[in-house]
Amino acid sequence: MGGPGYPWPVNDIRVLLAEDQGMMRGALALLLGMEDDIEVVAQVSTGDAIVEAALLHRPDVALLDIELPGISGLDAAAALREEAPGCRVLILTTFGRPGYLRRAMEAGAAGFLVKDGPVEELAAAVRRVLGGETVVDPALAAAALCAGPNPLTARECEVLKASVDGATVADIAGRLHLSESTVRNYLSSAIGKTGTRNRAEAVREARQQGWL
């Protein structure tokens, strides 16, 4: 069966798989390929390759890891919504962070699962999202409701991301075309909102919550 927006009939569900770890990617492709109605038509290891592969292979469902080289799976999900609206997106990640779930839904993902589930559950989720359902790991959904929304503004997140790897305030200011005083204000605000003592702790807390 073909996904919405595709005019030609396809018997198997066509799946694109984006995973940077080669062993995991190969195992998922092999296991999904053993399902009678699923065909893995494309495998990529970087976020930057996802949209191009989707436009070339026309998958019905894209299984995307979040933490990929290049753009993240969340950013790729948003790009797919614009470039390949007929492709349903299912986020599959090791990190079951509440903030990731919220961002995935905002990016237009139809599902969010953690990788430690059985392959039968994953195959069923692929079929369900293609059928128009939204599939979310129940424990993660409950955690997301308890966690509440991301308190950081988009600019505060941007400054925190730019502050990793020992970047100085001057480095961040130059990278983001902001004044040093503005950068300090954003960092101070982010530290306060995350309830941490310094920017390193703020980055760690924001990542743990899935806000970055």
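Our subject is the structure listed above.
## Digging into helix α8 (residues 169-176)
Looking only at α8, the buried set comprises V169, I172, A173 and L176. Axial view of α8: buried residues confined to an arc of 100 degrees, hence all on one face. Buried positions along α8 lie against α7 (154-162), α9 (180-194) and α10 (199-209). In the stretch just after α8, H177 is the one whose phi turns positive, near 60 degrees.

## Focus on the pairing of strand β3 (residues 61-64)
Of the two faces of β3, the one lined by V61 and L63 and the one lined by A62 and L64 are each fully buried. One ladder, built from four bridges, connects strand β1 (residues 13-18) with β3; its direction is parallel. Directly across from V15, in β3, lies its bridge partner V61. Once you follow β3 into helix α3 (residues 73-83) and on to strand β4 (residues 88-93), the crossover reads as right-handed.

## Some words on the pattern of salt bridges
Opposite charge on two side chains lets them pair, provided their charged atoms get close. What the rule picks out here adds up to nine salt bridges. Linking E35 and R127 is a salt bridge whose minimum nitrogen-to-oxygen distance equals 2.7 Å. Remark: R127 occurs in helix α5 (residues 119-130) and E35 occurs in the loop between α1 (22-33) and β2 (38-44); sequence separation between them is 92 residues. You can call E35 partly exposed: its relative accessible area is 21%. In this structure R127 comes out as partly exposed when scored by relative accessible area, which is 28%. A salt bridge links R155 to E158, with the shortest nitrogen-to-oxygen separation between them at 2.6 Å. With a gap of three residues between them, R155 and E158 both fall in helix α7, about one helical turn apart.

What counts and what doesn't
Residues numbered from 1 in each chain as written. Predicted model: local features only at pLDDT ≥ 70, side-chain atom pairs only at ≥ 80, totals over all residues. Heavy atoms only, no water. Buried < 20%, exposed > 50% of the residue type's maximum accessible area, 1.4 Å probe, protein only. Helix = DSSP H or I, 4+ residues; strand = E, 2+ residues; numbered from the N terminus. Arc of directions from axis to C-beta. Contact = heavy atoms within 4.5 Å. Pairing = 2+ DSSP bridges. Right-handed = clockwise from strand over helix to strand, strands pointing away. Salt bridge = Lys/Arg side-chain N within 4 Å of Asp/Glu carboxyl O.

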